[in-house]
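Chain residues, written in single-letter form:
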Amino acid sequence: MTYRFRDLLALEPLSADELTFLLDQSKLFQEIQRHPLKKLATLRGKTVALAFFENSTRTRISFGTAASRLGADSMNLQAEASSLKKGESLLDTVHTLSAMKPDCLVMRHAASGAADFVARNLDIPVINAGDGTHEHPSQGLLDALTIRDRRGSIEKLRVTILGDIQHSRVARSNIHLLGKFGCQFMLCGPAMWVPKELEKIGPPGAAIRRVSRIEEGLEGADVIIVLRVQTERMYEPTLSAEEYILMYQLNAERLRRANPEAIILHPGPMNRGVEISPEVADGAQSCVLEQVTNGIAVRMALLFLLMSGSTEEAGNPMTGAESSAQAAAAEKKESTHAAD
Amino acid sequence: MVGLRELMRIVEKSQLMSPSEIDRTIQRLAHEIVEKSGGTKHLALIGVRRRGVPLAQRIAKAMRGIDGVEVPVGTLDITLYRDDLSKVASHAVLQSSDISFGVDNMDLVLVDDVLYTGRTIRAAMNGLFDLGRPKRVSLCVLIDRGHREMPIEAQYVGRSVQTSDTEIVEVRLREIDNEERVVLVDRVQP
């Protein structure tokens, strides 16, 4: 099994086998985090452009660290400092960046579909680091890797997602990935954040239920994904923080309704004491710091995968089948040579 | 797009080793390693993926037969250290390395099937030094076919073979290939 695409724009089009391949590759990069010498020279001389048109600290640092541990350099473009503020179009900014000859572009943008649009206009691999409310594929992968490490498998789990699911690209990537492994979902939050359309976003046959009471939402859960209450994506005050805490905060008492082995994920940054109580955030069931460590392994795997191949053979979604056939042929050639 | 190499036909020219010859060679290599290492206290074998791995395991088994010594065996994947990644495939695929012991101050023997340009061994040494500082690293190969591009030599050699540049030495092992022999093949114009 290998990977068909030139880019990583979303998890939705990937098969369960491809997702397993990406998780297995990430697992091998986890090992490297334990080496005394973490820095490799594999991508030496290559450059990753990090274009974050929306504020981000941890994802940008995580991709930057992943690039540097593989020996690649990175160049940074940040929203506040960028010429977008001066009226340049997204495409012009991206073309300018691309004229500096990076070998891969990692981008985040407030508009859904922005990474896809840019990828269609560039001839280097593009990794979507979050586009509007659409997807955040590397987060989906690192969450799945964390769950697989703790629970042993990502098959047929009961997954509860808490909070503002409507505006969450993390929730969508989680559902697209875990849904392909037979997981069932409980989406729980205030009604305006959990609209009915969400029941249809998963892969065909994925069991997605919406519940408004948190006690019901947590019943028997194996995995609880707590989303950050994202005030910057809300345009009017709909619910006060006090009300949210009262009705939806994940605290120790509510957690008792879940499977005693349940694990808790949070994409960060946490509003400690709002969507999650400090005792739960710091408890043994919380995986938030493992998620951060795994994020680097996943991003190293992605950069390695998309940047290590030869550029003329790297496929795009249209010619994917052809390029994987070439890869298989090359692999065969390699193994039959067996010389050195 | 098919290159000239793919159009060429691969023909078998001769058999370099039979199953029993492979077996005897492994026994001899095991003896040589034990003898030259002067004690097995800090000795460990590192099989280079893929065919170095079963070879290292067989040598370790042969060493147990010599004086009951239990030598740890590790597995090293060199994908991250190759200098020709962009020539291999559209997407490179990493395999697992498994070295469960510390390499600091160890006497390591790298094991591979064929020594050719020396680039694989260069990559393997870079990989090893990311894990620590071994006291000594030596190299054991089943076949040395010449044509070196690096200043690298093997201390333990199963058999040296004169080859031309178009020839390929194929080591086939039952653990991987369901077949056990070493053959010399050549590419010829159709």
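Computed from a predicted model, the values in this text were never measured in an experiment.

Peer 1: Explain the overall build of chain B to me, using residue names and the numbers behind them.
Peer 2: Helix and strand counts for chain B come out as six helices and eight strands. Going residue by residue from the N terminus, the α and β elements of chain B occur as α-β-α-β-α-β-α-β-α-β-β-β-α-β. Here the C-alpha atoms of chain B give a radius of gyration of 17 Å, agreeing with the 16 Å that 2.2 N^0.38 yields for 190 residues. Overall size of chain B, expressed as C-alpha extent along the three principal axes, is 55 × 35 × 30 Å.

Peer 1: Can you break down the packing of helix 2 (residues 19-37) of chain B against helix 3 (residues 52-67) of chain B residue by residue, with the values?
Peer 2: All names here are of chain B. Two elements in contact, helix 2 and helix 3, have axes separated by 9 Å at closest approach and are oriented at 65°. In terms of their interaxial angle, helix 2 and helix 3 are classed as roughly perpendicular. Our pair here, helix 2 against helix 3, has a crossing hand that is right-handed. When helix 2 is examined against helix 3, the residues Ile 26, Gln 27, Leu 29, Ala 30, His 31, Ile 33 and Val 34 are found in contact with a partner set consisting of Arg 58, Ile 59, Ala 62, Met 63 and Ile 66. When its residues are assigned to classes, the contact of helix 2 with helix 3 shows nine nonpolar, two polar and one charged.

Peer 1: I'd like a rundown of the sheet that holds strand 1 (residues 9-17) of chain B, residues and numbers included.
Peer 2: All names here are of chain B. In spatial order, the strands read 1-8-7; together these three strands make up an open sheet with antiparallel pairing. Taken across any chain shown, the strands that pair with only one partner, and hence form the sheet edges, are strand 1 and strand 7 (167-172). Averaged over all adjacent pairs, the angle separating strand axes in this sheet is 30°, with direction ignored. Across seven bridges, the pairing between strand 1 and strand 8 (residues 181-188) is antiparallel. For Ser 14, the partnering residue across the bridge sits in strand 8 and is Leu 184.

Peer 1: Now, about the domain arrangement of chain A: what can you tell me, with residues and values included?
Peer 2: All names here are of chain A. On domain assignment, one finds that chain A holds domain 1 (16-133 + 292-318) and domain 2 (137-288). Inter-centroid distance (C-alpha atoms) of domain 1 to domain 2 is 26 Å. Contacts between the two partners involve 18 residues from domain 1 and, on the opposite side, 15 residues from domain 2. Of all the secondary-structure elements, those providing two or more residues to the side of domain 1 that touches domain 2 are helix 1 (16-33), strand 4 (126-131) and helix 11 (288-308). For the side of domain 1 that touches domain 2, the class distribution of residues is eight nonpolar, seven polar and three charged.

Peer 1: Now, about the environment of Asp7(A): what can you tell me, with residues and values included?
Peer 2: Residue and element names in this part refer to chain A. For Asp 7, the location among the structural elements is in the segment before helix 1. In this structure the C-alpha to C-alpha distance between Asp 7 and Pro 125, which are 118 residues apart in sequence, comes to 4.8 Å. Excluding residues within four positions of it along the chain, Asp 7 makes contact with Ala 119, Pro 125, Val 126 and Ile 127.

Peer 1: Quick one: what's the story with the packing of helix 1 of chain A against helix 11 of chain A, residue by residue and with numbers?
Peer 2: Residues and elements named next belong to chain A. Close contact between helix 1 and helix 11 brings their axes to 8 Å; oriented N to C, the two are set at 115°. Read as a crossing pair, helix 1 and helix 11 show a hand that is right-handed. Between helix 1 and helix 11, the contacting residues are Leu 22, Gln 25, Ser 26, Phe 29, Gln 30 and Gln 33 on the first element and Thr 293, Asn 294, Ile 296, Ala 297, Val 298, Met 300, Ala 301 and Leu 305 on the second. Classifying every residue of the contact of helix 1 with helix 11 by side-chain character gives eight nonpolar, six polar and no charged.

Peer 1: Just give me the short version of unusual backbone geometry, but keep the residues and values in it.
Peer 2: Between Gly268(A) and Pro269(A) the backbone carries a cis peptide bond, its omega angle lying at -10°. Among the structural elements, Pro269(A) can be located in the loop between strand 9 (263-265) and helix 10 (278-281). The omega torsion across Arg49(B) and Arg50(B) is 0°, close enough to zero to call that bond cis. One non-glycine residue, Lys156(A), adopts positive backbone phi at about 50°. Inspection of the secondary structure assignment puts Lys156(A) in the loop between helix 5 (137-151) and strand 5 (158-162).

Peer 1: If you had to explain the nonpolar core to someone new, which residues and values would you point to?
Peer 2: In a soluble, globular protein the nonpolar side chains are often hidden away together inside. Counting 150 residues, the largest nonpolar core has Ile224(A), Leu303(A) and Ile46(B) as the members making the most contacts within it. Split by domain, this core shows at least three residues from each of two domains, domain 1 (16-133 + 292-318) and domain 2 (137-288) of chain A. Ignoring sequence-local partners within four residues, the contact set of Ile224(A) consists of Thr160(A), Leu162(A), Leu218(A), Leu250(A), Ala258(A), Ala262(A) and Ile264(A).

Peer 1: Can you explain the confidence of the model for chain B? Please cite residues and give values.
Peer 2: Averaged over chain B, the pLDDT score is 90; the fraction of residues at 70 or greater is 93%. Across the whole predicted complex the pTM is 0.84, and at the interface the ipTM reaches 0.74.

Peer 1: Before we move on, can you summarise the pairing of strand 5 of chain A with the specific residues and values?
Peer 2: Residues and elements named next belong to chain A. Counted residue by residue, strand 5 has four buried out of five residues, so it is predominantly covered. A crossover links strand 5 with its parallel partner strand 6 (residues 184-188), the connecting element being helix 6 (residues 169-178), and its sense is right-handed. Pairing of strand 5 with strand 8 (residues 223-226) involves four bridges; the strand directions are parallel. Pairing of Leu 162 across the sheet is with Val 226, part of strand 8.

Peer 1: Describe the pairing of strand 8 of chain B, naming the residues involved and giving the relevant values.
Peer 2: Pairing geometry for strand 7 of chain B and strand 8 of chain B, over six bridges, is antiparallel. When the bridges of strand 8 of chain B are listed, Glu167(B) appears paired with Asp186(B).

Peer 1: With reference to specific residues and values, describe the sheet that holds strand 2 (residues 73-78) of chain A.
Peer 2: Residue and element names in this part refer to chain A. With parallel pairing, the four strands of this open sheet are ordered in space as 2-1-3-4. Of all the strands in the sheet, the pair left with one neighbour each is strand 2 and strand 4. The mean inter-strand angle of the sheet, taken between neighbouring strand axes irrespective of direction, is 15°. Taken together, the four bridges between strand 3 (residues 104-109) and strand 4 define a ladder with parallel strand orientation. In the sheet register, Leu 105 faces strand 4, and the bridge partner there is Val 126. Each of strand 1 (47-52), strand 2, strand 3 and strand 4 is contacted by helix 2 (residues 58-69), which is oriented at about 180° to strand 1, the strand it contacts most. In the packing of helix 11 onto the sheet, the strands contacted are strand 1, strand 3 and strand 4, and the crossing angle to strand 3 comes to about 130°.

Peer 1: Mind laying out helix 11 of chain A, listing which residues take part and the relevant values?
Peer 2: Taking 1.5 Å of rise per residue, the 21 residues of helix 11 of chain A would be expected to cover 30 Å, and the 30 Å separating its terminal C-alpha atoms lies within 8% of that figure. Among the 21 residues in helix 11 of chain A, 16 count as buried, and that is most of the element.

Parameters and conventions
Residues numbered from 1 in each chain as written. Chains lettered and ligands numbered in written order. Predicted model: local features only at pLDDT ≥ 70, side-chain atom pairs only at ≥ 80, totals over all residues. Helix = DSSP H or I, 4+ residues; strand = E, 2+ residues; numbered from the N terminus. Rg over C-alpha atoms; globule rule 2.2 N^0.38 Å. Axes fitted to C-alpha atoms, helices over the stretch in contact; angles between N-to-C directions. Parallel < 35°, antiparallel > 145°, perpendicular 65-115°, else oblique. Left-handed = near helix turned anticlockwise from the far one by under 90°. Contact = placed C-beta atoms within 7 Å. Nonpolar A, V, L, I, M, F, W, Y, C, P; charged D, E, K, R; others polar. Pairing = 2+ DSSP bridges. Domains from an automatic or database assignment. Core = buried A, V, L, I, M, F, W, Y, C linked by C-beta atoms within 7 Å. Buried ≥ 20, exposed ≤ 12 C-beta atoms within 10 Å, placed from the backbone. pLDDT = per-residue confidence, 0-100. Right-handed = clockwise from strand over helix to strand, strands pointing away. Expected span 1.5 Å × (residues − 1).

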